[in-house]
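Understanding the architecture of this molecule
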Amino acid sequence: MRKKTMSKARQVLPASLSKAPTGITGFDQITGGGLPAGRPTLLCGGAGCGKTLFSMEFLVRGAVQFNEPGVFLAFEENVEELTKNVASLGFDLTDLIEKKKLMVDHVFIERSEFAETGDYDLEGLFIRLGHAIRSIGAKRVVLDTIEVLFSGLANASILRAELRRLFRWLKDQGVTAIITGEQGEETLTRHGLEEYVADCVIMLDHRVADQRATRRLRIVKYRGALHGTNEYPFLIDASGISVLPVTAVGLNHKATTGRVSSGVPRLDTMLGGKGYYRGSSILVSGTAGTGKTSLAVHLVNAACARGERCLYIASEESADQVMRNGRSIGINLQPWVKKGLLRFHVARPTYTGLEMHLLTVHKQMEEFRPAIAVIDPISSLTNIGTVDEIKNMLLRMIDMLKNNDITTLCTSLTHGDGDLEQTQVAVTSLVDTWLLVRQIEYNGERTRVLYVLKSRGMSHSNQIREFLITDRGIDLNDVYVGRGLVLTGTARKVQEMKEALDAEERQEELQRAQRLLEKKRLIMEAKINEIRSDFSTAEDEVLAMLKDQERQNQILAADRRVIADIRQADPSKESRAPKKQPKSDLKDTYDDEK
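Residues numbered from 1 in each chain as written. Predicted model: local features only at pLDDT ≥ 70, side-chain atom pairs only at ≥ 80, totals over all residues. Heavy atoms only, no water.

For the rest of this paragraph, the subject is the sheet that holds strand β21 (residues 465-470). Overall, mixed pairing links the nine strands, which are arranged β16-β15-β17-β18-β14-β19-β20-β21-β22 in an open sheet. Of all the strands in the sheet, just β16 (342-346) and β22 (473-478) have a single pairing partner and so form its edges. Taken over all neighbouring pairs, the strand axes of this sheet differ in orientation by 25° on average, direction set aside. Alignment of strand β19 (residues 433-442) against strand β20 (residues 445-455), held across 10 bridges, turns out to be antiparallel. Among the inter-strand pairings, Val-437 is bridged to a residue of β20, identified as Leu-450. Most of the contacts of helix α14 (residues 354-368) go to β16, to which it runs at about 160°, and overall it touches β15 (310-314) and β16. (Pairing = 2+ DSSP bridges. Helix = DSSP H or I, 4+ residues; strand = E, 2+ residues; numbered from the N terminus. Axes fitted to C-alpha atoms, helices over the stretch in contact; angles between N-to-C directions. Contact = heavy atoms within 4.5 Å.)

As structure tokens, then:
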């Protein structure tokens, strides 16, 4: 009985911590559902890191998406200032206040007006805040910022006690609360006490490296729940805050067997006859002017023609320039842009850091939901990071796109003075298909060639193809391989013309030999006919002679019988027996032939 009781006890799972979703893109993913429901959370950071905007979005999203009204108690900015500041994110506080889904209250506290006498009491704050909560049935509360509230209190023991009292009171109210705090010099907050009282502590950071600013978020602690412990970049734009859980991305994407045409039929043939795998990553590397962007444009055009959405991220050319260059090879991308099937995002990589660049790709992916993505080129990222940093960033980006079943083509510039089968950003091991385009200088000209260095999961050609860019698009031709030579361009055409001329001469020589043989055959048949004619004439003469001889013998025999009858002679034994005339050998031969 005891063993059974213990086994049943092991099967009982602990109740999971209730969480309140924030609605902030990416944040709920790294926290496993949001902030701890009914508990206070400390949101700390330096000036300009986004504490107020994060808190306000938490309230607005809760009221709009989850039907949880909220109260924002501000100690620094008044209602009018807050309304104007968050309007840039598309939040209409006035409308939410009128609908009683949100209440914003400003409490003015001036440090110079304080004199510390007796006990510090927050009862007035509790009454004011409790009334606001009850008036709209609030489920969420924000206090911004706590330093102002306790600015007149110097006694650390009293401060800690009052902080505990504040956090306990918020728990008793059953509201999910955010308390913002300013970062201290060596502590998370200025007082260094709040992080020990709060159930959840979130640190926001706004750092500048190499003249590029990046905002990052880190969950310092989260009582009662598992959470991501790494730093996550986040972006503040016109639609609010977006957090990218980059380090949460893992190797859990599905490998499909569907194919995507490259837009170049001959290239599809080289890739097992069907093109790239859907959801795979493709790298096109080569020196300048080899046609990397042209291959990307063909892929985009083919996908849009199938009705699939495409995201084109360019960092060296504007959208108009890409479309103009596409028209020069017979591809017009403008109609796809007008139909909403193609979206360009153009920005210099030096405008933001690597993490912000990755976050931008993530945000564009979430908004547009493309089937095809083009990053042109990834080698430009070398201006904003080291090789290891870029490789880690691209690893996250490729995994992120694969998890969403997005076929991704990246172009990379290589330098002609180095090994062409290497890239500046060292991502060749990360991609599924690697195409190399290069220029070959021979006989006073430079020609482009293409070959497939690798393509995982499919049989692919190991042949080199001449890469032609025409006004009708890209065309791949076989290079000349023979007699120990590999020729392209004009040299290939000259060699092909020479071989064609040699073949033509051999054909003419063969035809002459055939005509001569035919002439000899006719002569032979004529001679045979002549001999047969002579033979037939001689044969006729001999037969006529035989017939004449036989006739003469018959006449002679008849004459002999007449004479014998006249003489009434007794016929001799020899005369009585009829004599047989001998036949000539020629007559025998003739009869045999008959």
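This part covers the sheet that holds strand β9 (residues 212-222). Spatial strand order, β5-β4-β6-β7-β3-β8-β9-β10-β11: nine strands in an open sheet with mixed pairing. Each of the sheet's edge strands pairs with one partner strand only, and the pair in question is β5 (102-106) and β11 (240-243). Ignoring strand direction, the axes of neighbouring strands in this sheet form an average angle of 20°. Its contacts with the sheet place helix α6 (residues 123-136) against β4 (70-74), β5 and β6 (140-144), and it is angled at close to 150° to β4.

Before going further, it helps to examine the pairing of β11. Remark: a regular strand shows side chains that alternate across the two faces of the sheet. Pairing between strand β10 (residues 231-237) and β11: four bridges, direction antiparallel. Residue Leu-235 lies in a different strand from β11, and its bridge partner there is Ser-242. Counting the residues in the hairpin turn of β10 and β11 gives two residues.

Within the element layout of this structure, Lys-363 appears in helix α14. In contact with Lys-363, other than residues within four places in its own chain, are Leu-235, Asp-237, Ser-239 and Ser-242.

Judged by nonpolar contacts, the single largest core of 41 residues is most densely connected at Leu-267, Leu-295, Tyr-312, Leu-333 and Leu-342. Among the elements that make up this core, the one with the highest residue count is helix α11 (residues 292-305) (seven residues). If we ignore the near neighbours within four places in the chain, the residues touching Leu-342 are Val-300, Cys-304, Cys-310, Tyr-312, Leu-333, Trp-336, Val-337 and Phe-368. (Core = buried A, V, L, I, M, F, W, Y, C linked by side-chain atoms within 4.5 Å. Buried < 20%, exposed > 50% of the residue type's maximum accessible area, 1.4 Å probe, protein only.)

The full count for this structure, using the stated rule, is 22 salt bridges. Across the salt bridge formed by Arg-207 and Glu-231, the nearest N and O atoms sit 2.7 Å from each other. With Arg-207 in strand β8 (residues 200-209) and Glu-231 in strand β10, this pair connects stretches of sequence that are 24 residues apart. For Arg-207, a relative accessible area of 29% translates into the label partly exposed. Judged by relative accessible area, Glu-231 falls into the partly exposed class, the value being 31%. Ionic pairing is found between Arg-472 and Asp-471, a salt bridge with its closest N-O pair at 3.4 Å. Exposure remark for Arg-472: the relative accessible area of 71% places this residue in the exposed category. The exposed category is assigned to Asp-471, whose relative accessible area is 54%. Connected through salt bridges with shared partners, the residues Arg-39, Lys-171, Asp-199 and Arg-223 form a single ionic network. (Salt bridge = Lys/Arg side-chain N within 4 Å of Asp/Glu carboxyl O.)

Within the fold, Leu-401 resides in helix α15 (residues 387-403). Exposure remark for Leu-401: the relative accessible area of 2% places this residue in the buried category. Excluding anything up to four places from it in sequence, Leu-401 contacts Met-365, Ile-406 and Thr-408.

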